[in-house]
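Now for the letters of each chain:
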Amino acid sequence: MTETTKGILALLAACVVWGLSPLFYKALSDVAPLEVLAHRTLWSLVFFALVLSLQRRLGALWAAISDVASLRVIAFAAIMISVNWFLFIFSVQVGRTTEASMGYYIFPLVAVLLGRIVLGEQLSRAQWSAIVLAAVAVISLTVGLHIVPWISLMLATTFGIYGLIKKRLDLGPVVSVTAEVMILSPIAIVWLIALHYGRGGVFGEELVQSALLMTAGPLTALPLILFSYGARRLTMSTVGIVQYINPTLQFLCAVVIFGEPFGPIHMAAFALIWTALAIYSGSAYRQDKARRKAVMVSEAEVAVSTKPSKDASAKP
């Protein structure tokens, strides 16, 4: 099996787990979203810490959190990912998984727009067209259904900001996420203690629910590890296209399994978003292809310039 095949399989596995995760959180609908989030944070820390311990990389974690500048960035990233996790859990439990899937569909476009605004990155006409189409989709939902798809916008924005922050961290994904959940864990512990001494938490009361809450840790960690493994072995254009499996499966869970409303207005909005993503993916593929071609040409030129000539290598 080639490294590319391994990368694709790992990436597919990660996206399938993420895409089917609404089924998991739907099974926890009787548990308050904040309680689910607290357990997800704590059990993720346990799992990630175990992975780093087996890899003998706990020193990298300590180095990350002991630097004040790095700690500030990690704390901000922790806030963004915590809000993102909560909104996703909340959307599934209240029957708005369709909006969640839309949020992860438009996330790449929001990320590109943030890159333009914050980092001054240049956008092609195709990328601008894709962003405009996504904006029209959101406006059509707002006007047609008389609601603002705030869950979609918040999920896309928090995840986009999270990705932007991560660019400032010279850490691997496992180390950085472990540091993030470590920062959030004291808040989660205080919340759960207050919950159990107040109206009462569900953990320990019922075996299946308790097991599901503990499973939230591996369910968070394993896809991230698989995604990181796959992304290192594939081009960015391939990663970008394959990861659309995630919101597609979420969308199918919402409409086919959960039976959430999906009328003509939803169809029109999603058609615009899918068109926008097709335009964006095509543009990203062309840019990635041009980049790889430029690298190959550059490497060939270097090889030619460093190759000794026959005259230079001939004996006098």
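Our subject is the structure that appears above.
The numbering scheme is per chain: residues are counted from 1 as the chain's sequence reads. With the structure being a predicted model, the display of local features is reserved for residues of pLDDT at least 70 and the display and counting of side-chain atom pairs for 80 or more, all residues being used for whole-chain, interface and lining totals. Hydrogens and waters are ignored; side-chain quantities use all the structure's heavy atoms.

**Section: the overall build of the protein chain**
What counts as a helix is a DSSP run of H or I of at least four residues, what counts as a strand is a run of E of at least two, and both are numbered from the N terminus. Check the secondary structure of the protein chain and you find 13 helices and zero strands. Ordered by position in the sequence, the α and β elements of the protein chain form the string α-α-α-α-α-α-α-α-α-α-α-α-α. Referenced to the eigenvectors of the C-alpha coordinate spread, the extents of the protein chain come out at roughly 95 × 50 × 40 Å. Counting across all 316 residues of the protein chain, residues that qualify as buried make up 42%. Expressed as a percentage of contacts within the protein chain between residues at least 6 apart in sequence, the contacts between residues at least 24 apart total 85%. For the protein chain, the accessible area works out to roughly 16500 Å², and carbon and sulfur atoms hold 70% of it. Charge convention: Lys and Arg are scored as positive, Asp and Glu as negative, and His as well as the terminal groups of each chain are ignored. Charged side chains are reduced to one point each, which is NZ for Lys, CZ for Arg, CG for Asp and CD for Glu. Looking at the protein chain, you have 23 positive and 15 negative side-chain charges, and the mean spots of the two groups are 10 Å apart. When accessible area is computed with a 1.4 Å probe and restricted to protein chains, residues below 20% of their type maximum are described as buried, those above 50% as exposed, and intermediate ones as partly exposed. For this analysis, residues touch if any pair of their heavy atoms sits within 4.5 Å. Each accessible area value is a Shrake-Rupley result obtained with a 1.4 Å probe; residue values ignore everything except the protein chains displayed when judging cover.

**Digging into unusual backbone geometry**
Even without a glycine there, the phi angle at arginine 56 is positive, about 60°. Counting through the fold element by element, arginine 56 comes out in the loop between α2 (33-54) and α3 (58-66).

**Observations regarding the nonpolar core**
When a protein is soluble and globular, its nonpolar side chains tend to lie buried together. Counting 40 residues, the largest nonpolar core has Tyr25, Val36, Phe88 and Leu155 as its most contacted members. For this core, the element with the most residues is helix α4 (residues 68-93), which contributes 10 residues. When sequence neighbours within four positions are dropped, the list of residues in contact with leucine 155 reads Asn84, Leu87, Phe88, Ala100, Gly103 and Tyr104. Here, the term nonpolar core denotes a set of buried Ala, Val, Leu, Ile, Met, Phe, Trp, Tyr and Cys residues that are joined through side-chain atoms within 4.5 Å. Phe107, Ala134, Ala137 and Phe251 belong to the second-largest nonpolar core, a separate cluster that totals 21 residues.

**Description of the pattern of salt bridges**
Pairs can form between side chains of opposite charge once their charged atoms are near each other. Here a salt bridge means any side-chain nitrogen of Lys or Arg lying within 4 Å of a carboxyl oxygen belonging to Asp or Glu. The full count for this structure, using the stated rule, is one salt bridge. For the salt bridge of arginine 96 with glutamate 99, the shortest nitrogen-to-oxygen distance reads 2.8 Å. According to the relative accessible area criterion, arginine 96 is partly exposed, its value standing at 24%.

**Topic: the packing of α3 against helix α8 (residues 173-197)**
Inter-axis angles, ranging from 0 to 180 degrees, are taken between N-to-C directions of lines fitted to C-alpha atoms, where helices are fitted over the stretch in contact. Following both chains from N to C, one finds α3 and α8 inclined at 60°, their axes separated by 10 Å at the closest point. By the angle class used here, α3 and α8 are oblique. Crossing of α3 over α8 shows right-handed handedness. Facing α3, whose interface residues are Ala60, Leu61, Ala64 and Ile65, α8 presents Val175, Thr178, Ala179 and Met182. Across the contact of α3 with α8, the residue classes tally to seven nonpolar, one polar and no charged. Working definition: roughly parallel below 35 degrees, roughly antiparallel above 145 degrees, roughly perpendicular at 65 to 115 degrees, and oblique for all remaining angles. Left-handed is the label given to a crossing in which the near helix is rotated counterclockwise from the far helix by less than a right angle, and right-handed is the label when the rotation is clockwise. Residues are sorted three ways: Asp, Glu, Lys and Arg are charged, Ala, Val, Leu, Ile, Met, Phe, Trp, Tyr, Cys and Pro are nonpolar, and all the rest, Gly among them, are polar.

Structural measurements only, silent on function.
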